[in-house]
Amino acid sequence: MTFLMDVIKGTLIGIANIIPGVSGGTMAVSLGIYDKLISSVSSLFKDWKKSFWTLLPIILGCGIGIVAFTYAVEYLLSHHTFVTCMAFVGLILGGIPVLVSSLKKELAKGSSRISVPGILAFVVMFCVAVFLPMLNADDEMLKTFAVTPGTMGALFLVGIVASATMVVPGVSGSLVMMILGYYYGIINTIKSFLEALKAFDLAGLVPGFALLAPFGIGVLLGIFLIARLITFLFERYGVETYCAILGLIAASPFAIFYNTGVFAQLSLLGLGQILFGIALAVLCGVVTYKLGD
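Rules used throughout
Residues numbered from 1 in each chain as written. Predicted model: local features only at pLDDT ≥ 70, side-chain atom pairs only at ≥ 80, totals over all residues. Heavy atoms only, no water. Helix = DSSP H or I, 4+ residues; strand = E, 2+ residues; numbered from the N terminus. Salt bridge = Lys/Arg side-chain N within 4 Å of Asp/Glu carboxyl O. Buried < 20%, exposed > 50% of the residue type's maximum accessible area, 1.4 Å probe, protein only. Core = buried A, V, L, I, M, F, W, Y, C linked by side-chain atoms within 4.5 Å. Axes fitted to C-alpha atoms, helices over the stretch in contact; angles between N-to-C directions. Parallel < 35°, antiparallel > 145°, perpendicular 65-115°, else oblique. Left-handed = near helix turned anticlockwise from the far one by under 90°. Contact = heavy atoms within 4.5 Å. Nonpolar A, V, L, I, M, F, W, Y, C, P; charged D, E, K, R; others polar.

Novice: I'd love a proper account of unusual backbone geometry, names of residues and values included.
Specialist: Even without being a glycine, F200 presents a positive backbone phi close to 55°. Looking at the secondary structure, you find F200 in the loop between α10 (183–198) and α11 (202–236).

Novice: An account of the pattern of salt bridges is needed here, citing residue identities and associated values.
Specialist: Side chains that differ in charge, positive against negative, can pair when their charged atoms come close. One pass over the full model with this rule turns up two salt bridges. One salt bridge connects E106 with K109, and the closest N-O pair in it is separated by 3.3 Å. Of this pair, E106 and K109 both sit in helix α6 (residues 96–109), three residues apart, which is roughly one turn of the helix. A relative accessible area of 69% places K109 in the exposed class. When the shortest N-O distance is used, the salt bridge between E195 and K198 registers 3.8 Å. Linking E195 with K198, this pair stays in helix α10, spanning three residues, or about one helical turn. For E195, a relative accessible area of 34% puts it in the partly exposed group.

Novice: Give me the lowdown on the nonpolar core, citing residues and values where you can.
Specialist: In terms of nonpolar packing, the biggest core is built from 54 residues, with Y183, I186 and I256 touching the most fellow members. One finds I13, I33, V41 and L55 within the second-largest nonpolar core, a separate group that totals nine residues.

Novice: Tell me about the packing of helix α5 (residues 81–94) against helix α12 (residues 238–260), residues and numbers included.
Specialist: Viewed as axis vectors pointing N to C, α5 and α12 meet at an angle of 165°, and their least axial separation amounts to 10 Å. Taken together, the axis directions place α5 and α12 in an arrangement best described as roughly antiparallel. Remark: the crossing between α5 and α12 carries right-handed chirality. In contact with T81, C85, M86, F88, V89 and I92 of α5, α12 contributes I249, S252, P253, I256, F257 and T260. Grouping the amino acids of the contact of α5 with α12 by side-chain chemistry returns nine nonpolar, three polar and no charged.

This is the structure in structure tokens:
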């Protein structure tokens, strides 16, 4: 029964990780398995049998959640772009109070004021989140990857970065991928791979595997290696780290709107769509806030 419950919880974490703005780490905290997850990852090489059987149902569930929700996200972004993006924005903004609360706890440990390094960290990450999407092509939603050594290497690095942020409560790994300009390409690659698998199309499976394998390896390395660096940053430079995260999140609505082409659609939207999008953003914000409370 515990195994099944962990699979279900892992599925919810997988769904959370594929939605820009939703933190898989926050979901794990809300489901009560974050400490178990992190401790198992940290002690994998010390007590690998116990860690393996603890992580197995969670990882299995994550895979199920990612596969199941890939189609839903692709459909929603293609056919209901504005309201879907507004939902993402609400999910992002709803997590800010949790991060601010964590920042206040860090400030209480030392100085009660944010220093210059903290302000610089906020500004730098804000600028990165704003300007990186501008480097991407306008047809980002239709983006597909060619199987080249450069692309495979880039996906490996993106996997490391994305997975490292996935384990931090309040930070969305998929949002980071969207800001970097790889979110849609990875979603499309997963979808194409699943379609080829369903049709037993070996010719279609090979390029999908060639692209997803380095990304998956990067994800695993990010969880086991870079996550420790993030833990170190939180322990030694907690205020500056939270300021950097807040800068990233503050600019992320712009990144989402830009990458999805919403800015070009604003003049075509009706009043009903706008009001529904706002209402959905508020609702999603409340959901994220409650999950992180």
